[in-house]
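So you can see what is in the structure, the chains are spelled out below.
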Amino acid sequence: MSDYLLGIDAGNTMVKAVLFDSAGNELAVEERSGSTSYPEPGQAERSIDEIRRFTVEAIRGCIAKSGIDPADVRAVGAAGHGNGAYVLDRDGTGLLGIQSIDRRAEAIAGGLGEKTGQIHRWSRQQPWAGQTPLLMRWLGEHRPEIMARAHAVLLCKDVIVHFLTGTLSGDYSDAAVAGLVRFPERRYDAQMLEAYGVAHFGALLPPLRESCEIVGGIRPEVAQATGLRAGTPVVAGMIDIVASAVGSGVSATGQASIVAGTWSINQEVVDDPELDELVFMTSIIEKDRYMAVEASATSAANLEWFIREFGSGIEVGTGTVASACSDLVARVSPSMDLPLFHPFIYGSSGNARARGGFYGIAGWHDKAHLLYGLFEGVVFGHRQHVEKLKRAGATFENVVLSGGAARSKVWPQMFADILGIPIRTSLCSQTGALGAAIAAGVGAGLFPDLGHGVARMVKTAQSFTPSPRHKALHDRRYRLFLTLAELMVPVWDELHAADA
């Protein structure tokens, strides 16, 4: 009998299923990409029914591609984007799915006043617009008919785990990033929920489990739909940023991970969750280790937007539009003349009112030059977070890069040059699913802990060393990037006032 592990990774729009053997070899991948609806400016929603349907289709397609006996799948793990809010009624029907890029609770976050500091001291999180408890409060104030029918408020991967097993559960890594875990007790807390203004909704939160803990088995009806064996163990899973770190080889204290996907995730494994109150959020990787996280929706979401709006004129060839964009950037010679870009299409880490923008465009600039500015601006956004982590006391000297940017021909070297530290990438491109699969392996007893799973299943692909010449150029452009951001603040405030 062979040992296979299935990892499911759900982002803000996609769901993918990836099958691995116990040595970390990727055997099959199946992905489904959906859509985001924007009912009003600043709101971002998705269908819970679509998540479930995509989960079935992705698993079924993955198993079929692999050609394995489904009885040989030892366990299943899921990872998903953090925050947002997925509301189910008592029958399990999806009432509403809100994504993490949603901004509808911005006024609530800004109106917490002195409670902001209290919440941060308890949760090690800075309250912000897309945070789960603030979205729960917004729904209570603006959509009371939904909350009156609500039986559970889940996070993205919890929707998948519930669908697969019928069990309502959450895990500590995800709940911590949502600002729902009080430190150092590692539990829900009535006093903290009261500070958010959602104490009356506390019963809607699912029981918390360890990421590698088995919460149930595949339901018979799910088995019939997907091809998996009924009863196959499913673990509680983890937030995608921790899963991507684990899947890229980061699990020990002092190791650092950058995830460049929809979100800019910059994180270091620490023993003490109180690295410094400057840090935006804290997650939990295992019982004795934490993730100090600096994050914002300022990463590859910008390229996704560019491709969606302007990608029709890009020659793709045999690859994807994203790889074609990397090819265009690779042809550009770095210089001070190139356009600068602010990657703030969903706000910045320190200013929800920030907007994206190109600066310094000249008549001789073409799409490749704009893409270069976009690629560079995304890394500048990551650099802001990395510098904040360093000021807070982080000590890492190299980083593992994962997410879509890690598969680019040019982005990893650009990260090394702009951050001034060596960058490594994982041989596995599906690091979020691999991290979920490693957690499943721990739950199934294949590995004693995540560290042993990482040692067995993760392999390094490439290493990138900073170029002193390019770093000096990027340093000059980064200073302009920051200067422009400061100068734009009153403009963004005025634009926000006009929208209000």
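Before any of the text, the structure's been laid out above.
The sections below set out a description of the structure shown in this document. (Residues numbered from 1 in each chain as written. Predicted model: local features only at pLDDT ≥ 70, side-chain atom pairs only at ≥ 80, totals over all residues. Heavy atoms only, no water.)

**A word on helix α16 (residues 450–457)**
All of the buried residues in α16 are Leu450, Gly453, Val454 and Met457. Each buried residue of α16 sits inside an arc of 100 degrees when the element is viewed along its axis, so together they form one side. Tucked into the core, α16 has its buried residues touching β1 (4–10), β2 (14–21), β13 (238–239), α10 (240–247), β16 (281–286) and α15 (431–443). Of the residues that open α16, the one with a side-chain oxygen 3.2 Å from the backbone nitrogen of Gly451 is Asp449. (Buried < 20%, exposed > 50% of the residue type's maximum accessible area, 1.4 Å probe, protein only. Helix = DSSP H or I, 4+ residues; strand = E, 2+ residues; numbered from the N terminus. Arc of directions from axis to C-beta. Contact = heavy atoms within 4.5 Å. Polar contact = N/O pair within 3.5 Å; in protein donor to acceptor, adjacent residues only side chain to side chain.)

**As for helix α14 (residues 411–419)**
In terms of burial, α14 is a largely internal element, eight of the nine residues being buried. Among all positions in α14, only Trp411, Pro412, Met414, Phe415, Ala416, Asp417, Ile418 and Leu419 are buried. Two residues or fewer past α14, Gly420 is found with a positive phi of approximately 75 degrees.

**Points about the pairing of strand β3 (residues 26–33)**
Summarising the sheet, β2 and β3 pair through seven bridges and their orientation is antiparallel. Note that in β3 the partner of Met14 across the bridge is Ser33. Hairpin geometry of β2 and β3 is characterised by an intervening segment of four residues between the two adjacent antiparallel strands and by a positive phi of about 90 degrees at Gly24. (Pairing = 2+ DSSP bridges.)

**Things to note about the packing of α15 against α16**
Look at α15 against α16: their axes get within 9 Å of each other, and the N-to-C directions meet at 120 degrees. Taken together, the axes of α15 and α16 are oblique relative to one another. The crossing of α15 and α16 is right-handed. Between α15, through Leu434, Ile438, Ala439 and Val442, and α16, the contact on the second element is made entirely by Leu450, Gly453, Val454 and Met457. Of the residues that constitute the contact of α15 with α16, the class distribution is seven nonpolar, one polar and no charged. (Axes fitted to C-alpha atoms, helices over the stretch in contact; angles between N-to-C directions. Parallel < 35°, antiparallel > 145°, perpendicular 65-115°, else oblique. Left-handed = near helix turned anticlockwise from the far one by under 90°. Nonpolar A, V, L, I, M, F, W, Y, C, P; charged D, E, K, R; others polar.)

**A short note on the side chain of His474**
Relative to the helices and strands, His474 resides in helix α17 (residues 468–499). Overall, the relative accessible area of 2% leaves His474 in the buried class. Within the structure, His474 has its side chain in polar contact with the side chain of Glu376 (distance 2.9 Å). Those residues in contact with His474, other than ones at most four positions away along the chain, are Tyr372, Glu376, Phe380, Met414, Asp417 and Ile418.

**Observations concerning the sheet that holds strand β20 (residues 399–402)**
Pairing is mixed in the open sheet, where seven strands are placed in the order β16-β17-β15-β14-β20-β21-β22. Each end of this open sheet is capped by a strand with a single partner; those strands are β16 and β22 (460–464). Across this sheet, the average inter-strand angle for adjacent strands is 25 degrees, counted without regard to direction. Note that β20 and strand β21 (residues 423–426) share three bridges and pair parallel. From the neighbouring strand, Leu401 faces β21, where its bridge partner is Thr425.

**Quick word on the packing of aromatic side chains**
Each aromatic ring pair is specified by the distance between its two centres and by the angle formed by the two planes. Counted according to the given criterion, the structure contains twelve aromatic pairs. Arranged with centres 5.3 Å apart and planes meeting at 55 degrees, the rings of Phe380 and Tyr478 form a pair that is tilted. Residue Phe380 is found in helix α13 (residues 367–391), and its partner Tyr478 is found in helix α17; the two are separated by 98 residues along the sequence. When its relative accessible area of 0% is taken as the criterion, Phe380 is described as buried. Following the ring pairs from residue to residue traces out a cluster consisting of Phe344, Phe380, Tyr478, Phe481 and Trp492. In this arrangement the basic side chain of Lys390 is found over the ring face of Phe396, its NZ or CZ atom lying 4.6 Å from the centre. (Phe/Tyr/Trp six-rings, centres within 6.5 Å; stacked < 30°, edge-to-face > 60°. Lys NZ or Arg CZ within 6 Å of the ring centre and 35° of its normal.)

**Overview of the pattern of salt bridges**
This model, assessed by the stated rule, comprises 30 salt bridges. Here Lys157 makes a salt bridge to Asp158, at a shortest N to O gap of 2.5 Å. By relative accessible area, Asp158 is classed as buried at 2%. Arg383 is the salt-bridge partner of Asp475, the closest N and O atoms lying 2.8 Å from each other. Here the residue Asp475 occupies a position in helix α17, and Arg383 occupies one in helix α13, the gap between them amounting to 92 residues. Like Asp475, the residue Arg383 is buried in the burial classification. A cluster of three or more residues bridged by salt bridges with shared partners is formed by Glu30, Arg32, Arg53, Glu57 and Lys65. (Salt bridge = Lys/Arg side-chain N within 4 Å of Asp/Glu carboxyl O.)

**Notes on unusual backbone geometry**
Pro184 follows Phe183 through a cis peptide bond whose omega is 0 degrees. Examined against the element boundaries, Pro184 turns out to sit in the loop between α7 (172–177) and α8 (190–196). If you check the backbone angles, Arg124 has positive phi at about 60 degrees while not being a glycine. According to the relative accessible area criterion, Arg124 is buried, its value standing at 7%.

Structural measurements only, silent on function.
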